[in-house]
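Residue strings, one per chain:
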Amino acid sequence: MSIEKFFKLIKNLKLFWFYRELLINLAKREISARYKQSILGYAWVIINPLAQLAVLSFVFSTILKVPSLGVPYIVFLSVALLPWNLFQLSLTSSSGVLVQNSSLITKIYFPREILVYSTIIAKIIDFSFSLVILAILIAIFRVPIYWSILWVPIIFAVQIIFTLGISLFVSAFNLFYRDIQYLLTLFLLIWFYLTPIAYPIEAIPEKFQFLMSLNPMAVIINAYREVIIGGGSPNITSLFTGLMISLVIFTFSFLLFKKLERSFADYV
């Protein structure tokens with residue numbers, strides 16, 4: 001990245017702080033609008049992952065008998081599935097956020113990436129509520145809590161950087177090519193099964209395990225498991241590699257987003 005592009009990135013990050021109130025209001029609007037006419041409201045944040053956990057647990061622990069690193073399979077699965085849901089829902093929501101806010105884009109000036117950020121903030125809030133499920137499962141099955149859990153904020157930061165990068169990319173291109181949102185659904189389904197969510201990374205043949213280091217979500221999911229239920233530190237080399245890949249993707253996507261931004265009003 002050139003020095004000029006670096007200073008452009010810093011300048012736009014300052015604009016992000018300047019428009020922080022707009023960001024907060026957009027996030028609040030997204031949260032309130034989503035459950036406005038729902039009878040169960042925010043309960044869906046708990047119901048949806050619970051249903052997923054029940055079905056996947058039955059299939060992979062009862063039928064396929066997948067190993068779960070010495071803890072109940074539903075705990076093993078929830079440690080991976082809840083962060084994955086945050087990633088998946090952030091991407092699917094971000095893909096259509098520019099189209100859905102066409103009136104704002106054509107009438108008001110503000111950094112358009114704020115629309116993407118507000119969507120992800122709303123999903124992070126949903127995620128924080130869904131963590132109640134994990135806390136209850138840990139309490140029910142008396143899974144020990146280790147000091148290694150202090151690594152979680154660092155791992156979460158890597159996940160958010162990676163999520164922001166992919167979200168900026170898909171949101172911009174979906175505005176020009178509406179097929180992106182449909183391809184994304186298919187791509188995420190394939191990505192889910194190529195990431196060790198329903199199975200341990202140890203189940204992957206050793207000759208293919210190096211590929212996991214090139215998949216930031218595999219690195220992130222495995223790191224969550226290592227520190228929450230494994231009681232150890234994450235693989236520092238893999239986590240650092242995941243961070244570097246995430247930063248490169250975020251920087252590339254951000255600069256591309258800003259380059260395409262001038263044309264957004266012509267396509268919404």
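See above for the structure.
Conventions used here
Residues numbered from 1 in each chain as written. Predicted model: local features only at pLDDT ≥ 70, side-chain atom pairs only at ≥ 80, totals over all residues. Heavy atoms only, no water. Helix = DSSP H or I, 4+ residues; strand = E, 2+ residues; numbered from the N terminus. Rg over C-alpha atoms; globule rule 2.2 N^0.38 Å. Buried < 20%, exposed > 50% of the residue type's maximum accessible area, 1.4 Å probe, protein only. Contact = heavy atoms within 4.5 Å. Lys, Arg positive; Asp, Glu negative; His and termini not counted. Charge placed at Lys NZ, Arg CZ, Asp CG, Glu CD. Axes fitted to C-alpha atoms, helices over the stretch in contact; angles between N-to-C directions. Parallel < 35°, antiparallel > 145°, perpendicular 65-115°, else oblique. Left-handed = near helix turned anticlockwise from the far one by under 90°. Nonpolar A, V, L, I, M, F, W, Y, C, P; charged D, E, K, R; others polar.

**Concerning the overall build of the protein**
And then number 1: Scanning the protein from terminus to terminus reveals 12 helices and 0 strands.
And then number 2: Secondary structure of the protein in N-to-C order comes out as α-α-α-α-α-α-α-α-α-α-α-α.
And then number 3: Relative to a compact globule of 268 residues, whose C-alpha radius of gyration would be 18 Å, the protein shows 19 Å and is just as compact.
And then number 4: Burial analysis of the protein (268 residues in total) assigns 46% to the buried set.
And then number 5: Here the analysis covers contacts within the protein between residues at least 6 apart in sequence; of these, 81% occur between residues at least 24 apart.
And then number 6: Charged side chains of the protein number 20 positive and 11 negative; the gap between the two group centres comes to 5 Å.

**Some words on unusual backbone geometry**
The general pattern is negative phi for most residues beyond glycine and trans for most peptide bonds.
And then number 1: Backbone geometry at L69 places phi at a positive 55°, although glycine is not the residue there.
And then number 2: Within the element layout of this structure, L69 appears in the loop between α3 (44-63) and α4 (73-95).
And then number 3: For R142, which is not glycine, the phi torsion reads 55° and is therefore positive.
And then number 4: Judged by relative accessible area, which is 75%, R142 ranks as exposed.

**Quick notes on the packing of helix α8 (residues 152-176) against helix α11 (residues 236-261)**
And then number 1: With their axes 8 Å apart at the nearest point, α8 and α11 run at an angle of 30° to one another. Taken as axis vectors, α8 and α11 run roughly parallel relative to one another. As α8 packs across α11, the resulting crossing turns out to be left-handed.
And then number 2: Residue classes in the contact of α8 with α11 are distributed as 21 nonpolar, 5 polar and no charged.

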